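So you can see what is in the structure, the chains are spelled out below.
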Amino acid sequence: MAGYLRRRGLPGGADPAGPHPGAEPRPPGPPKTVGIVWGLLVLNTLGSAGAKTIVPLPRSLMQMVTMGALAAAFALALALNLRLRIRASAFVFLLTLLLVPSVISSAILESGFGAMFRCARLSLFVGTLWLLSRWWDGSLTFVRHHIRLYFAVIGSAAAGLVVSPGAAMPELYGGRLVGALWPLTPPQIGQYAAVIIGLTVLLLLGRRTTGTSAAVIIIPTLILLALTHTRTATVGLLAGLVLAIGSLLLTSGPARRFFAWTVVCAAVAAVGFASAVQAWFLRGQSKEHFSSLTGRAKVWDALLAEPRTTAERLFGVGLGDKSFGGLPIDNSWLAVYLEQGLVGLALVASIIVVLGGVALLRPPSLPRACAIFLISYCAISSYTEAGLGDASPYLLHLALAASLLAAPATAAPLPAPAAPRRRLPRRPRERR
């Protein structure tokens, strides 16, 4: 039985005679509790604002849950890593530097005491990532946690759709799918669905999951993505998959076949369903409204035209709710410019550039493809979504990419047993 498991590469197939001579020692994998920490970070980044739920939930209660989840994540990660063993990570280091302009601008209290509260939240978030970096070894462990947890999140949206279709697809959001059990907006659900689909497709191409398991995840998630009518998530999913699969074309036969079939299906869909695709993207809006990015361009122009002092240009006005004049900014770069200034903007750009550069330098592999998908998705979505400068799902996606790009850790070799000392016979003493 052990020999069968060893041939299959499954746990339990250890050689009773011990490791083979010259074999590379494998480091122990992360404990299962690390998945709980990752889940608490996911819960924290869900937020507490969104659509009306079936059972009204006080926002103070939701904020208590999300902040309690972050505090629990930090405490649990600290308990797992009491010796504070961390791995060098340019991503987390740049996030730590991002705290500097955040604290400087928030300390002025121009944005109120909420800015310092958000700084404390970002500090706990970054601290938890430092503690988890000990287990970042380029494996797919965190990818599986990511898929399962976000699949559970959008599962709550699907459950709300079954329980109350009217509350899950209200007219206020144009009939788009929202979270009726936990307040999730259509862009949130679309983002989570797109990330789940992209990572699962890559795992399927890398033969790390079965076709049945992938279909169970991809098909319902794709339906939920279509119900959200989220254009940003759809474009980010398609572009991210093209770049990720393109990085596997030279080394993976399934990736080449999938890419070829995708090109053929896309060409057929573009010819036969062009009007339906166009209607889905327009969502009943006029072309003028669509060209102005659903009114976002007006907010962006007003934000850039706002007069600022030199300190505000450099360090921003402090962490806020990513809005300007009471309207959402919906652009990560402008939100960072408003709240953390040009210094914060340079640091966030450095995060994307460094992660992208490291991904390009890595040899082709499935973890590298997953990292390329996540980086490209976040970069594309940053144009119409905010979140790169604060604790958010986008930073969690990039943290996952950083864990995939980390060099594999090797366990310290076991010390060789000391050779037994040879005892020499004593000479008999001479009698005098």
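Overview of the structure. Predicted, not measured: the structure shown is a model, and the values here were computed from it.

## Considerations on the overall build of the chain
- Within the chain, the regular secondary structure consists of 18 helices and two strands.
- By the burial criterion, 44% of the 432 residues in the chain qualify as buried.
- In the chain, of all internal contacts separated by at least 6 residues, the share reaching a separation of at least 24 is 76%.

## A word on helix H18 (residues 393-405)
- Along its 13 residues, H18 runs 19 Å from first to last C-alpha, staying within 8% of the 18 Å computed at 1.5 Å per residue.
- In terms of burial, H18 is a largely internal element, 13 of the 13 residues being buried.

## What about the nonpolar core?
- Counting 97 residues, the largest nonpolar core has Trp-38, Phe-91, Leu-129 and Leu-398 as the members making the most contacts within it.
- Broken down by element, the residue count for this core peaks at 12 residues, all from helix H8 (residues 186-205).
- Leaving out residues up to four positions away in the same chain, Leu-129 has contacts with Trp-38, Leu-41, Phe-91, Val-92, Leu-95, Trp-136 and Ala-399.
- The next biggest cluster of nonpolar side chains, apart from the first, holds 10 residues, and it includes Leu-303, Val-317, Leu-334 and Leu-338.

## Focus on helix H14 (residues 296-305)
- Turning to H14, its buried residues number three or more, namely Arg-296, Val-299, Trp-300 and Leu-303. Down the axis of H14, the buried set is contained in an arc of 100 degrees. They therefore lie on one face. The outward face of H14, more than 90 degrees from its buried face, is lined by the exposed residues Lys-298, Asp-301 and Ala-305.

## Side note on the packing of aromatic side chains
- A complete count under the given rule lists four aromatic pairs for this structure.
- Centroid distance Trp-300 to Tyr-383: 5.4 Å. Interplanar angle 70 degrees. Geometry classified as edge-to-face. Taken together, the residues span a long stretch of sequence, with Trp-300 in helix H14 and Tyr-383 in the loop between helix H17 (366-381) and H18 at a distance of 83 residues.

## What about the pattern of salt bridges?
- As enumerated under the stated definition, the model contains three salt bridges in all.
- Lys-322 serves as the salt-bridge partner of Glu-339, at 3.1 Å between the closest nitrogen and oxygen. Of this pair, Glu-339 sits in helix H16 (residues 332-361) while Lys-322 sits in the loop between helix H15 (310-315) and strand S1 (323-324), and the two are 17 residues apart along the sequence. In this structure, Glu-339 and Lys-322 share a single accessibility class: buried.
- Residue Lys-322 is joined to Asp-390 by a salt bridge in which the shortest nitrogen-to-oxygen separation is 3.1 Å.

## Focus: the environment of Ser-332
- Its location among the elements puts Ser-332 in helix H16.
- For Ser-332, a relative accessible area of 2% puts it in the buried group.
- Along the sequence, Ser-332 and Lys-322 sit 10 residues apart, while their C-alpha atoms lie 8.6 Å from each other.
- Once residues within four sequence positions are removed from consideration, Ser-332 is found in contact with Ser-382, Glu-385, Ala-386, Gly-387 and Leu-388.
- Within the structure, Ser-332 has its side chain in polar contact with the backbone nitrogen of Gly-387 (distance 3.2 Å).

## Concerning unusual backbone geometry
- Here Arg-207, not a glycine, exhibits a phi torsion of approximately 60 degrees, which is positive.
- By the element assignment, Arg-207 lies in the loop between H8 and helix H9 (211-228).
- We note that His-229 has phi near 55 degrees; this positive angle belongs to a residue other than glycine.
- The residue His-229 is located in the loop between H9 and helix H10 (231-246) in this model.
- By relative accessible area, which is 24% here, His-229 ends up partly exposed.

## Details of the packing of H10 against H17
- At a minimum axis separation of 8 Å, H10 and H17 run at an interaxial angle of 145 degrees. For the crossing formed where H10 meets H17, the hand is right-handed. Taking contact as the criterion, the partners of Thr-232, Ala-233, Val-235, Gly-236, Leu-237, Ala-239, Gly-240, Leu-241, Leu-243 and Ala-244 in H10 are, on H17, Ala-369, Ile-372, Phe-373, Ser-376, Tyr-377, Ile-380 and Ser-381.
- When its residues are assigned to classes, the contact of H10 with H17 shows 12 nonpolar, five polar and no charged.

Rules used in this analysis
Residues numbered from 1 in each chain as written. Predicted model: local features only at pLDDT ≥ 70, side-chain atom pairs only at ≥ 80, totals over all residues. Heavy atoms only, no water. Helix = DSSP H or I, 4+ residues; strand = E, 2+ residues; numbered from the N terminus. Buried < 20%, exposed > 50% of the residue type's maximum accessible area, 1.4 Å probe, protein only. Contact = heavy atoms within 4.5 Å. Expected span 1.5 Å × (residues − 1). Core = buried A, V, L, I, M, F, W, Y, C linked by side-chain atoms within 4.5 Å. Arc of directions from axis to C-beta. Phe/Tyr/Trp six-rings, centres within 6.5 Å; stacked < 30°, edge-to-face > 60°. Salt bridge = Lys/Arg side-chain N within 4 Å of Asp/Glu carboxyl O. Polar contact = N/O pair within 3.5 Å; in protein donor to acceptor, adjacent residues only side chain to side chain. Axes fitted to C-alpha atoms, helices over the stretch in contact; angles between N-to-C directions. Left-handed = near helix turned anticlockwise from the far one by under 90°. Nonpolar A, V, L, I, M, F, W, Y, C, P; charged D, E, K, R; others polar.

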